[in-house]
Every structure is written in C-alpha cells, then in structure tokens.
Amino acid sequence: MILPEAASDALLIGRVWSNKANGPCPVLVSQDASQTLFDLSSLAPTVSQLLELDGLVAALADKSRFDDLGPLDAFLDGTAGQLLAPNDLQAVKAAGVTFADSMLERVIEEQAKGDPLRAQDIRKQLAPVLGDNLKGVVAGSEKASEVKRLLQDMGLWSQYLEVGIGPDAEIFTKAQPMSSVGCGSLIGIHPKSEWNNPEPEIVLAVTSAGKIVGAALGNDVNLRDFEGRSALLLSKAKDNNASCSIGPFIRLFDEKFTIEDVKSASISLSVRGTDGFEMTGSSQMKAISRSPENLVGQLLNDNHQYPDGVVFFLGTMFAPVKDRRGAGLGFTHEIGDVVEISTPKLGRLVNRVERSDNCPAWTFGLSALMGNLARRGLL
C-alpha cells in the first residue's frame, strides 16, 4: 500500500483525475479502512488554493460536506480515474547539493565531464580528501569558510561546493506547474542520456506567504552525464517530460506530523530492473547541511515571490554508484526499472522508468485546467 504506516493518524490531501467529475479534483483521504477519497472542489478548486486557506486542518474535519469519489484502489487500478501529482498551480522548485555525500558526487561529475568511466577513479582520489573535510560542516558557517580556503589551496574548490557549504543555496526550477506526474505513472529519462539516476527526496508544500504546511515524497530524476558535461545544461538534465514525480499525497502538518518529523525522516529507495538488477539506499534528513526553514527562506522572501505557492524538493544525500552495465560504469537506469521511494510517515511513491519521449505527452496545462474548471462551474 502507498499510504503512511499509521494512515489513521495522517491528514492526507492529493489530486486525482475523476471520471465521475470529468476533471481533476483536490481530494482528502479518509482516515479509516475504507480509504475513501473525498472531493474538496467545493472548498477550493485547486490544491494551490486549498493550501492557502486559513484553518484548513479544521475545515477538513467534517467530511460529510464533501462528495464521495470512491475508494483509493479505484484510482490506482484506473476504474474511477487516475492518481495525479498532489500539486497543480504551484511552482516546482528544488534545492541542490544539500548533503555532503551528494556534494562529493557533483564534484566527481564535474571532474569526469559527464563520463561514467572516469568517475570511479576520480571518486577514489577525491573521497578521502573531500569526505573528511565536508563531514559535519554547516553551510555558511565560519568552519565552512575555513574548509573553502583549505580546498582552494589544494586546488579542489568547485562550483558545487560553493552552493553546498557557502552562504547561498542552489535553488532551481525543477519542472513547470502542472507537469509533475504522480504515484503509479511512468517517469521519463531523456533518450540521449547514458548516465542517470533517481533522487529520493522530501518535497515541502509551501504557501505564497512562505509557510510550510505539509510534505510529500518526490523523485528529482537526474541526468548525470548532461549536468556533468556542463552546469549550464542543468535545465536539460532536470526538466524533461515526466521527469518530476511527486506523491502519493501531501501530508498536512498537524499535532501528529510536524516539520520536526521531516527533519528526522529516513528516505528509502529501491530500484528493481527487468534485468534482475536490484539496488537499495537511503537518505537521512538529519545529515542535511541547511535546515528546511533556511532553504525556504532563501527560496521565498522579499526578493522572490510565488503567488500560487511552491512545492520544494529539499535534495538528497543518495547518489548511486553500484555498477550496472559493467565494472567502473556505476549506476544508470534501464527502461522498465521500478523505482520506489518511501518513508513511514509519508508512504510510498512508486514509478516505472521509460524514455521521456515514450511517456504520455504533457498536454493538460494551465489553460486546459481553467477551461475544465469553468465548464464544471468551479470558477
């Protein structure tokens, strides 16, 4: 099951395409064994607007006021519709290089110029030096400045270390509003990429005022060869058809789930291939070099606003290096891989890998959404 382990304690909102409503609906998951989905369109027609409501948690207490769309299983098997990403109008942003382990791998990508054959040798050279120096360093601290001077003297300083432990975080646009895919959908890998990987992350739901109101799981699918060739190819490495997965639901903060649960979470990853290949790993949020609040403060402030809110990937410490296609080649996806990202309090996000040009094309954008809501009398 994709729901959190203690689903009866979780206040979960999401988004589905409902055959009954003939369009996308914000939904609430019932906290009982029925796992009924309730249509929240009468409260707010989009998830973006829903998360902006004052007193949202209290407003969701009386489920009798909402239309019953049927059980979750009917959206997982397609009989009642489809489970969508739980975000819609929000900007989709991400923070990069927020963990020491991923900093090391980004420097390796840079040094290898996107060539996986060179990565293993470079990793052996850099890991002992960078790993020891980066351990426990708080981004933007005086200790970080000392480490920067030391690594500069050693000729090892990098643009990735600058955003990893310097005062300013790397924050980029991961995907366009409405382009994210949900649990159960295909995720896309660019057909020209030969070195790529999943990135298991926690995704924060943030209002236009900068308030963190909940969290979900996310897969910040990444092309290591593209970004390694040039940091200026980041958008091509990150933003492709079906390359952003979020879900299964946003768990709202309440007395049973808070930002402290996010900070202590362990995010698990498994990849199972049709070739029999299996890989597992985890990312410990306690190892992050900047707090979620600090990252959100750098994302949204007097210099930068998001009137429809933001869903915000916090980064990952997991960078897979297990050989797959041959010795020294490291990990890369193969078509058909099943990727599962999970943590007990947020559930499981499951997707299968396909070429981005073979995934369903993204056609339902903002104009289509507005037209659909207007026809349904929701605007």
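Look up a bit, the structure's there.
Residues numbered from 1 in each chain as written. Predicted model: local features only at pLDDT ≥ 70, side-chain atom pairs only at ≥ 80, totals over all residues. Heavy atoms only, no water.

Trainee: Can you lay out helix H6 (residues 142–153) for me, pointing to particular residues and giving the numbers?
Mentor: Count 3.6 residues to each turn of an α-helix, and residues three or four apart come out pointing the same way. Between its terminal C-alpha atoms H6 stretches 17 Å, which fits the 16 Å expected from 12 residues at 1.5 Å a residue. Along H6, the positions that sit buried rather than exposed are Ala144, Val147 and Leu151. Down the axis of H6, the buried set is contained in an arc of 60°. They therefore lie on one face. Seen from the open side of H6, the exposed residues pointing more than 90 degrees away from its buried face are Glu142 and Asp153. Two residues or fewer past H6, Gly155 is found with a positive phi of approximately 75°. (Helix = DSSP H or I, 4+ residues; strand = E, 2+ residues; numbered from the N terminus. Expected span 1.5 Å × (residues − 1). Buried < 20%, exposed > 50% of the residue type's maximum accessible area, 1.4 Å probe, protein only. Arc of directions from axis to C-beta.)

Trainee: Report on unusual backbone geometry, specifying residues and quantitative values.
Mentor: Following Gly247, the chain continues into Pro248 via a peptide bond in cis, with omega recorded as -5°. Positioned with a positive phi, Gln35 is a non-glycine residue whose angle comes to about 50°. Position of Gln35 relative to the elements: it lies in the loop between strand S2 (23–29) and strand S3 (36–39). Residue class for Gln35 comes out buried when judged on its relative accessible area of 18%. Here Met178, not a glycine, exhibits a phi torsion of approximately 80°, which is positive. Tracing the chain through its elements places Met178 in the loop between strand S7 (170–175) and strand S8 (186–189). You can call Met178 buried: its relative accessible area is 8%.

Trainee: Pulling in residues and values, what's your account of the environment of Arg272?
Mentor: By the secondary structure assignment, Arg272 is in strand S14 (residues 266–272). Between the alpha carbons of Arg272 and Leu161 there is a distance of 32 Å; along the sequence they are 111 residues apart.

Trainee: How would you explain the pairing of S3 if you had to name every residue and give the values?
Mentor: Neither face of S3 is exposed, since Thr36 and Phe38 on one face and Leu37 and Asp39 on the opposite face are all buried. Sheet topology note: the S2/S3 ladder contains three bridges and is antiparallel. Opposite Leu28, over in S3, you have Phe38 as the bridge partner. The hairpin formed by S2 and S3 contains six residues between the paired strands, and Gln35 there has a positive phi angle of roughly 50°. Pairing of S3 with strand S4 (residues 67–71) involves four bridges; the strand directions are antiparallel. Its bridge partner being in S4, Phe38 is matched across the sheet by Asp68. (Pairing = 2+ DSSP bridges.)

Trainee: Residues and numbers for the side chain of Ser18, please.
Mentor: Locating Ser18 in the fold gives a position in strand S1 (residues 12–18). Polar side-chain contacts of Ser18 include one of 3.2 Å to the backbone nitrogen of Lys20. Among residues more than four places away in sequence, those in contact with Ser18 are Gly23, Cys25, Leu69, Phe75 and Ala80. (Polar contact = N/O pair within 3.5 Å; in protein donor to acceptor, adjacent residues only side chain to side chain. Contact = heavy atoms within 4.5 Å.)

Trainee: Describe the nonpolar core, with residues and values.
Mentor: Within the largest apolar cluster, 65 residues are counted, with the highest numbers of intra-cluster contacts made by Ile202, Leu204, Phe249, Val262, Phe312 and Leu314. Those residues in contact with Leu204, other than ones at most four positions away along the chain, are Ile212, Gly214, Ala215, Ile259, Val262, Pro292, Val296, Val310, Val311, Phe312 and Leu314. Residues Leu50, Leu60, Phe66 and Val311 belong to the second largest nonpolar core, which totals 27 residues. (Core = buried A, V, L, I, M, F, W, Y, C linked by side-chain atoms within 4.5 Å.)

Trainee: Can you tell me about the pattern of salt bridges, naming the residues and giving the values?
Mentor: Going through the model one piece at a time under the given rule, you end up with 17 salt bridges. Notably, a salt bridge pairs Arg15 with Asp88, separated by 3.6 Å at the nearest N-O pair. Of this pair, Arg15 sits in strand S1 while Asp88 sits in the loop between strand S5 (81–84) and strand S6 (91–96), and the two are 73 residues apart along the sequence. Assigned by exposure class, Arg15 and Asp88 land together as buried. Salt bridges sharing common partners tie together Lys174, Glu199, Asp220 and Lys238. (Salt bridge = Lys/Arg side-chain N within 4 Å of Asp/Glu carboxyl O.)

Trainee: So, the side chain of Asn87: which residues are in play, and what are the values?
Mentor: Note that Asn87 resides in the loop between S5 and S6. For Asn87, a relative accessible area of 2% gives the class buried. With residues near it in sequence (within four places) discarded, Asn87 still touches Arg15, Val92, Ser180, Ile246 and Val311.

Trainee: Tell me what's going on with the packing of aromatic side chains, and back it up with residues and numbers.
Mentor: Under the definition given, this model contains three aromatic pairs. Arranged with centres 5.4 Å apart and planes meeting at 90°, the rings of Trp17 and Phe364 form a pair that is edge-to-face. One end of the pair, Trp17, is in strand S1; the other, Phe364, is in the loop between strand S18 (347–355) and helix H12 (366–375), and 347 residues separate them in sequence. Classification of Trp17 by relative accessible area gives partly exposed; the value is 25%. Judged by its relative accessible area of 25%, Phe364 falls in the partly exposed class. Taking NZ or CZ as reference, Arg229 lies 5.2 Å from the ring centre of Phe226, over its face. A cation over a ring is seen here: Lys322 above Phe277, with NZ or CZ 5.1 Å from the ring centre. (Phe/Tyr/Trp six-rings, centres within 6.5 Å; stacked < 30°, edge-to-face > 60°. Lys NZ or Arg CZ within 6 Å of the ring centre and 35° of its normal.)

Trainee: Please provide a residue-by-residue account of the sheet that holds S14, values included.
Mentor: The strand order across the open sheet formed by five strands is S8-S18-S17-S14-S15, and the pairing between neighbours is mixed. Bordering the open sheet on either side are S8 and strand S15 (278–284), each of which pairs with just one other strand. Neighbour to neighbour, the strand axes of the sheet diverge by 25° on average, direction disregarded. Relative to S18, strand S17 (residues 338–343) runs antiparallel, the two being bridged by six bridges. Bridge pairing links Glu340 to Val350 in S18. (Axes fitted to C-alpha atoms, helices over the stretch in contact; angles between N-to-C directions.)

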